[in-house]
Amino acid sequence: MTPAYVITGFLGSGKTTLLLNSAKEYFRDKKVAVIVNEFGEVGVDGKVLQNAYSKVMELPEGCICCTLHAEFEKGLAQIRADYNPEVLFVETSGASEPFPVMMSLQNLGCSIEAVICVVDSKNFHKYRENPTALHQIGSSNVIVLNKADLVDEEELKNLEGEIRDLWERYKLKNLFTGEEIFKRVAVYRAVYGKVPPEVFSGSYTMKELIDIPSHAHELKLSQEVLLLEEPVNYEELEKFINSLPETIVRAKGIVRLEHSPNPVLVNYSFGLFEIGTEVPDFRGRSFLILIGEPGHKKVELNL
Ligand SMILES: Nc1nc2c(ncn2[C@@H]2O[C@H](COP(=O)(O)OP(=O)(O)OP(=O)(O)O)[C@@H](O)[C@H]2O)c(=O)[nH]1
């Protein structure tokens, strides 16, 4: 059985960051494969993860729990046949629920070592009503309160209480017997996805799943891909990103900046703009993906 970790959590909460900052370190000596599914037709996370992991499979476009189900199973079978990883990570898109992925992993002979839900501690209040986000919490047995650097102790304590309550309300249950699939949930705090090694120690291995709860997938988002003239001026890019309407919840892309030798990762989630790691192997044209509420007003590019 291949041990597999599922990383879920809402858009921009820090899933890729956790993979880069924790998982990579703890499995340094292992053959690790990563399957990453991103919302939207252009993958960013896969390109960033390829800097860190030798085997990365991208499943862009569509949601891993709906339209991509068959592709996910095919990809998983292939990655195991070709590469035979000792450990597998699956990063689901911020817009999908982890349960169908858990079923597929188990059907294909993987053991689920933990389902880790990354929560954006700073911005949780902006997406706490979102049904997909709530099911992501309820489907997990490890919850990481990430971005702990952006909130104070009291806020973190309140958030932990709220998340534990939500987990109780939304936790996975066997439809026939009513039995809980996870008996308990562990909650960790993290800054830039750094969690202690015990998260990956096998303490949270899941027992076998026997039935499929109904799949309530209600999140609808739209996305727009902008191709940029290049290289882009940093100040103008910052101005542009900061002027995005509130209906855009997430933006990311890979951009060549003036005076910067390599393309860089650009990240924006819930009002926070950040230039991330360099992506030296990226060859295409600079782009930004804007993810927002359905029918959000088309953004004029003026860079
Ligand atoms: N201040 C702060 N920023 C963080 C932390 N963790 C992640 N970020 C930033 O949050 C942004 C989103 O992080 P990602 O790891 O790309 O989030 P994600 O969940 O993989 O995003 P999607 O795949 O789009 O859903 C990036 O700009 C990160 O640098 C943290 O603990 N503190």
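Since the structure is predicted, the reported quantities are computational estimates derived from the model, not experimental observations.

Brief notes about the sheet that holds strand β4 (residues 87-91)
Right, on to step 1. Read from one edge to the other, the open sheet built from seven strands follows the order β3-β2-β4-β1-β5-β6-β7, with strand pairing classed as parallel. Each having just a single partner strand, β3 (55-59) and β7 (186-189) make up the two edges of the open sheet. Averaged over neighbouring strand pairs, the angle between their axes works out to 20 degrees when direction is ignored.
Right, on to step 2. Direction of pairing for strand β2 (residues 32-37) relative to β3: parallel, over a ladder of five bridges. Bridge pairing in β3 links V36 to E58.

Section: helix α6 (residues 131-138)
Helical periodicity: at 3.6 residues per turn, an α-helix aligns residues three or four positions apart in one direction.
Right, on to step 1. Across the eight residues that make up α6, a large majority, six, are buried.
Right, on to step 2. Restricting attention to buried positions, one finds in α6 the residues T132, A133, L134, Q136, I137 and G138.
Right, on to step 3. On its buried face, α6 sits against β1 (2-9), β5 (110-120), α5 (124-127), β6 (142-146) and α7 (153-170).
Right, on to step 4. A distance of 2.9 Å separates the backbone nitrogen of T132 from a side-chain oxygen at the start of α6, and that oxygen is part of N130.

Considerations on the UniProt feature "domain: CobW C-terminal" (unreviewed entry) in the protein
Right, on to step 1. Following the UniProt record, one finds the feature "domain: CobW C-terminal" (unreviewed entry) at residues 228-293.
Right, on to step 2. The distance from the first to the last C-alpha atom of residues 228-293 is 22 Å, and the span holds 14% helix and 41% strand.

Concerning the pairing of strand β11 (residues 272-278)
Right, on to step 1. As defined by bridge partners, strand β10 (residues 264-269) adjoins β11 across five bridges and the pair is classed as antiparallel. Counted as the bridge partner of N267 is E274 from β11.
Right, on to step 2. Count of turn residues in the β10/β11 antiparallel hairpin: two residues, of which F270 carries a positive phi of about 45 degrees.

Quick word on the pairing of strand β12 (residues 287-292)
Right, on to step 1. Of all six residues in β12, six are buried; the element is thus mostly enclosed.
Right, on to step 2. Residues of β12 alternate between two faces, with F287, I289 and I291 on one and L288, L290 and G292 on the opposite face, all of them buried.
Right, on to step 3. Strand direction decides the pairing type here: strand β8 (residues 222-227) and β12, joined by six bridges, are antiparallel. Along β12, the bridge assignment pairs V225 with I289.
Right, on to step 4. Bridging between strand β9 (residues 248-255) and β12 involves six bridges; their strand directions are antiparallel. Paired with A251 across the strands is L290, a residue of β12.

As for the nonpolar core
Right, on to step 1. Membership of the largest hydrophobic core comes to 53 residues, with the highest contact counts inside it found for I35, L88, M102, L105, V119 and I143.
Right, on to step 2. Split by domain, this core shows at least three residues from each of two domains, domain 1 (2-200) and domain 2 (222-292).
Right, on to step 3. Among the nonpolar cores identified, the runner-up in size contains 26 residues, and V144, A186, A190 and Y204 belong to it.

Brief notes about the confidence of the model for the protein
Right, on to step 1. On average, residues of the protein score 84 in pLDDT, and 83% of them reach the 70 mark or higher.
Right, on to step 2. As scored by the predictor, the complex reaches a pTM of 0.80 and an ipTM of 0.99.

With respect to the domain arrangement of the protein
Right, on to step 1. Assigned domains of the protein: these are domain 1 (2-200) and domain 2 (222-292).
Right, on to step 2. The distance between the C-alpha centroids of domain 1 and domain 2 comes to 24 Å.

Here we look at the sheet that holds β9
Right, on to step 1. Taken in spatial order, the five strands make up an open sheet running β8-β12-β9-β10-β11, and their pairing is antiparallel. Strands at the two margins of the open sheet, each flanked by one partner only, are β8 and β11. Averaged over all pairs of adjacent strands, the angle between strand axes in this sheet comes to 15 degrees, irrespective of strand direction.

What about helix α1 (residues 15-26)?
Right, on to step 1. For α1, spanning twelve residues, the distance from its first C-alpha to its last is 16 Å, which sits close to the expected 16 Å at 1.5 Å a residue.
Right, on to step 2. Taken together, the buried positions of α1 are K15, T16, L18, L19, S22 and A23. For α1, the angular spread of the buried residues around the axis is 160 degrees, confining them to a single face.

Regarding the packing of α6 against α7
Right, on to step 1. Put simply, α6 and α7 touch, their axes get as near as 8 Å, and they point 90 degrees apart. On the basis of the axis angle, α6 is roughly perpendicular to α7. From α6, L134, H135, I137 and G138 reach across to α7, where they touch I163, L166, W167 and Y170.

What to know about the site of the ligand
Right, on to step 1. Residues in close proximity to the ligand total 20 residues, the closest being K15, T17, Y192, K252 and E274.
Right, on to step 2. Separating an oxygen atom of the ligand from a side-chain N or O atom of K15 is a distance of 2.7 Å.
Right, on to step 3. When the ligand is considered free in solution it has 650 Å² of accessible area, and contact with the protein chains removes 93% of it.
Right, on to step 4. Of all the secondary-structure elements, those providing two or more residues to the shell around the ligand are α1 and β9.
Right, on to step 5. Residues belonging to the shell around the ligand are distributed by class as follows: five nonpolar, seven polar and eight charged.
Right, on to step 6. The residue makeup of the shell around the ligand includes at least three contributed by each of domain 1 (2-200) and domain 2 (222-292).

What counts and what doesn't
Residues numbered from 1 in each chain as written. Predicted model: local features only at pLDDT ≥ 70, side-chain atom pairs only at ≥ 80, totals over all residues. Heavy atoms only, no water. Pairing = 2+ DSSP bridges. Helix = DSSP H or I, 4+ residues; strand = E, 2+ residues; numbered from the N terminus. Axes fitted to C-alpha atoms, helices over the stretch in contact; angles between N-to-C directions. Buried < 20%, exposed > 50% of the residue type's maximum accessible area, 1.4 Å probe, protein only. Contact = heavy atoms within 4.5 Å. Polar contact = N/O pair within 3.5 Å; in protein donor to acceptor, adjacent residues only side chain to side chain. UniProt positions renumbered as here; feature names shortened; annotations may be inferred. Core = buried A, V, L, I, M, F, W, Y, C linked by side-chain atoms within 4.5 Å. Domains from an automatic or database assignment. pLDDT = per-residue confidence, 0-100. Expected span 1.5 Å × (residues − 1). Arc of directions from axis to C-beta. Parallel < 35°, antiparallel > 145°, perpendicular 65-115°, else oblique. Near = heavy atom within 4 Å. Areas by Shrake-Rupley, 256 points an atom, 1.4 Å probe, with all protein chains shown as cover. Nonpolar A, V, L, I, M, F, W, Y, C, P; charged D, E, K, R; others polar.

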